[in-house]
There are 4 protein chains.
Amino acid sequence: MVEEIITSTEEVNSSLLKSFVERIERLDEERVGLVEDIKSVYDEAKATGFDTKILRKVIAIKSMDKDKREEFETLLDLYLSALGE
Amino acid sequence: MVEEIITSTEEVNSSLLKSFVERIERLDEERVGLVEDIKSVYDEAKATGFDTKILRKVIAIKSMDKDKREEFETLLDLYLSALGE
Amino acid sequence: MVEEIITSTEEVNSSLLKSFVERIERLDEERVGLVEDIKSVYDEAKATGFDTKILRKVIAIKSMDKDKREEFETLLDLYLSALGE
Amino acid sequence: MVEEIITSTEEVNSSLLKSFVERIERLDEERVGLVEDIKSVYDEAKATGFDTKILRKVIAIKSMDKDKREEFETLLDLYLSALGE
DNA sequence: TCAGATAAAATCGCGC
DNA sequence: GCGCGATTTTATCTGA
């Protein structure tokens, strides 16, 4: 094959594969770094007196679609009342 | 401070809370961006003919190797410090 | 069925829900009991002179070995099935 | 030493250690079995039409102390109103 | 939509 | 008793 003068198909696949793996691993390191940064902000908030569990919930609620939130609450109430709670 | 006249300890420092929420939301947006970037690389790899399921598994195993090495180092350190007492 | 006359599709089947909740709660109690048993064994080991931190790490590494082997088997299966297509 | 006729201290420690490890691993297998059982019940509930996410929340709320639950809600509202949400 | 994999959040246990 | 790290549990996401 003509390509064999330069590289075999296997070699191409191999280096291509390595390239993908490296790109993914590098991006994932960055992602983990951000997760740590976020954790640091929560720690800072905690040190200032905020309750991080509530803070997490607040942020989750903000990011939640309003309709979805209400639907969730409604269903929750329905289940709880069915249990007599 | 002036605010202390009107802010009871039961109230939350609203502007401080807003600041924390904004910082977290911004970092989280970046994190989500990276998650999307990672997905794009997987898509690109798939388009080049790689099986993403296999690719994910390869990367998972590499990561487990790393974790395992680190765990073993930790165990060694523990043993050594236990012997040093 | 008679109940269908008075039960809309929007309502929940209360007795069925109760049954599921009870089954889950009972199984969870058993689970918590086992967690306590495990803790007792660690306490016993500690009283016999073993360092529980090291013991936990040893067991964690054994478990990781197992996971790693299984992951590798999965990867092999994936490769083989990919080649078989 | 007298014991050396039968076993060395190292052997005793070794078999004792093995015994602890085995007991813990066996109990943990049982624990994992129960976790799987619980998951099966959730699956069954899901197949019957229940929303497992809500179901989990319902069970969590039931197991929560009433005072704690109300305190949580109050603080959540406080944070949300501080953010003007 | 579903299971199975991955990531995030909450809880637990230890040491200071 | 409180923070910190490890574990467990919950939720999200991906691919079939």
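Our structure's up above, just so we're on the same page.
Residues numbered from 1 in each chain as written. Chains lettered and ligands numbered in written order. Predicted model: local features only at pLDDT ≥ 70, side-chain atom pairs only at ≥ 80, totals over all residues. Heavy atoms only, no water.

(A) How the structure looks around the interface of chain B and chain A. The partner chain A presents 25 residues to the 26 residues of chain B that form the contact. Run the count over chain B and chain A and you get 4 salt bridges. Put simply, Arg23 of chain A and Glu44 of chain B hold a salt bridge, and the shortest N to O gap is 3.0 Å. On inspection of chain B and its partner chain A, the count reaches 4 residue pairs in polar contact (both at pLDDT 80 or more). Secondary structure elements with two or more residues in the side of chain B that touches chain A: helix H2 (14-47) and helix H3 (52-83) of chain B. With 19 residues, the top contributor of residues to the side of chain B that touches chain A is H2 of chain B. For the side of chain B that touches chain A, the residue count by class is 16 nonpolar, 2 polar and 8 charged. (Contact = heavy atoms within 4.5 Å. Salt bridge = Lys/Arg side-chain N within 4 Å of Asp/Glu carboxyl O. Polar contact = N/O pair within 3.5 Å; in protein donor to acceptor, adjacent residues only side chain to side chain. Helix = DSSP H or I, 4+ residues; strand = E, 2+ residues; numbered from the N terminus. Nonpolar A, V, L, I, M, F, W, Y, C, P; charged D, E, K, R; others polar.)

(B) Geometry of the protein's contact with DNA strand F. Around DNA strand F, the surrounding shell consists of Lys39, Thr52 and Arg56 of chain B, Arg31 of chain C together with Arg31, Lys53, Arg56 and Lys57 of chain D. Between DNA strand F and the protein, one listed contact pairs a phosphate oxygen with a side-chain N or O atom of Arg31 of chain C at 2.3 Å. In the environment of DNA strand F, a phosphate oxygen lies 3.0 Å from a nitrogen or oxygen atom belonging to the side chain of Arg56 of chain D. Contributing elements (two or more residues each) for the surface near DNA strand F: H3 of chain B together with helix H2 (52-63) of chain D. Ranked by the residues each element gives to the surface near DNA strand F, the list is headed by H2 of chain D, at 3 residues. Looking at side-chain class alone, the surface near DNA strand F contains no nonpolar, 1 polar and 7 charged residues. (Near = heavy atom within 4 Å.)

(C) The arrangement of helix H2 (residues 52-63) of chain A in detail. All names here are of chain A. Helix length check: H2, at 12 residues, gives a terminal C-alpha distance of 16 Å against a target of 16 Å (1.5 Å per residue), a fit within 8%. All of the buried residues along H2 are Ile54, Leu55, Val58, Ile59 and Ile61. In a view along the axis of H2, the buried residues occupy a sector of 160°, so they form one face of it. Away from its buried face by more than 90 degrees, H2 exposes Lys53 and Ser63. (Expected span 1.5 Å × (residues − 1). Buried < 20%, exposed > 50% of the residue type's maximum accessible area, 1.4 Å probe, protein only. Arc of directions from axis to C-beta.)

(D) Spatial organisation of the protein's contact with DNA strand E. Near DNA strand E, the surroundings consist of Arg31, Val35, Lys53 and Arg56 of chain A, Arg31 and Arg56 of chain B together with Lys39 and Arg56 of chain C. Between DNA strand E and Arg56 of chain A, the relevant distance is 3.0 Å, taken from a phosphate oxygen to a side-chain nitrogen or oxygen of the residue. In this structure, Arg31 of chain B approaches DNA strand E through a side-chain N or O atom, which is 2.4 Å from a phosphate oxygen. Counting residues per element, the ones that place at least two in the surface near DNA strand E are helix H1 (9-47) and H2 of chain A. For the surface near DNA strand E, the residue count by class is 1 nonpolar, no polar and 7 charged.

(E) Focus on the interface of chain D and chain A. Taken together, the contact pairs 16 residues of chain D with 16 residues of chain A. For the pair chain D and chain A, the two sides together bury roughly 1700 Å², of which 83% comes from carbon and sulfur. Inspection of the chain D/chain A interface yields 0 salt bridges. At the junction of chain D and chain A, the tally comes to 2 residue pairs in polar contact (both at pLDDT 80 or more). At the level of secondary structure, the elements contributing two or more residues to the side of chain D that touches chain A comprise H2 and helix H3 (66-82) of chain D. If one sorts the elements of the side of chain D that touches chain A by residue count, H2 of chain D sits on top with 7 residues. (Buried area = accessible area lost by both parts, 1.4 Å probe.)

(F) Expanded view of the relation of the copies chain D and chain A. After a rotation of 180° and a shift along the axis of 0.2 Å, chain D superposes on chain A with an RMSD of 0.3 Å. What we have between these two chains is a two-fold relation. Considering only C-alpha atoms, the part of chain D nearest the rotation axis is Glu73 of chain D, at 6.4 Å. The fraction of interface residues of chain D whose copies in chain A are also interface residues reaches 100%, indicating that both copies meet through the same surface. (Least-squares fit on C-alpha atoms with pLDDT ≥ 70 in both.)

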